[in-house]
Amino acid sequence: MSATSPDHAVASEVLTAHKLRITHGPTIEELYNQGPHLAAYTYERGYHKLDAESGYEAELEFRDYGEHFNWRASNPSCPRKDAI
């Protein structure tokens, strides 16, 4: 049997980094609500001129593929210019 066969798992460690651009458009409720919200006891007013919100996200992730179990740990970071 070779070392790459499914019967003999090879342990390995992987470090990855990701950078993402996030965009979120307004929902129909955020745009056009007008009136009482009975479940929350609030009065909601939409704003039809809302634009999409955007920002960036970075993530550093470490993965360890062992012989008997696998695990991973990640650290997301979200410095955004607009709140999403």
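Preceding this section is the structure that the text describes.
Residues numbered from 1 in each chain as written. Predicted model: local features only at pLDDT ≥ 70, side-chain atom pairs only at ≥ 80, totals over all residues. Heavy atoms only, no water.

## Digging into the pattern of salt bridges
- According to the stated counting rule, one finds 2 salt bridges in the structure shown.
- Here arginine 63 makes a salt bridge to glutamate 61, at a shortest N to O gap of 3.0 Å.
- The partly exposed category is assigned to arginine 63, whose relative accessible area is 27%.
- Exposure remark for glutamate 61: the relative accessible area of 5% places this residue in the buried category.
- Note that glutamate 61 and arginine 72 form a salt bridge whose closest N and O atoms lie 3.2 Å from each other. Separated by 11 residues along the polypeptide, glutamate 61 in strand β4 (residues 53-65) and arginine 72 in strand β5 (residues 70-77) bring together distant segments of the chain.
- Judged by relative accessible area, which is 57%, arginine 72 ranks as exposed. (Salt bridge = Lys/Arg side-chain N within 4 Å of Asp/Glu carboxyl O. Buried < 20%, exposed > 50% of the residue type's maximum accessible area, 1.4 Å probe, protein only. Helix = DSSP H or I, 4+ residues; strand = E, 2+ residues; numbered from the N terminus.)

Geometry only, nothing functional implied.
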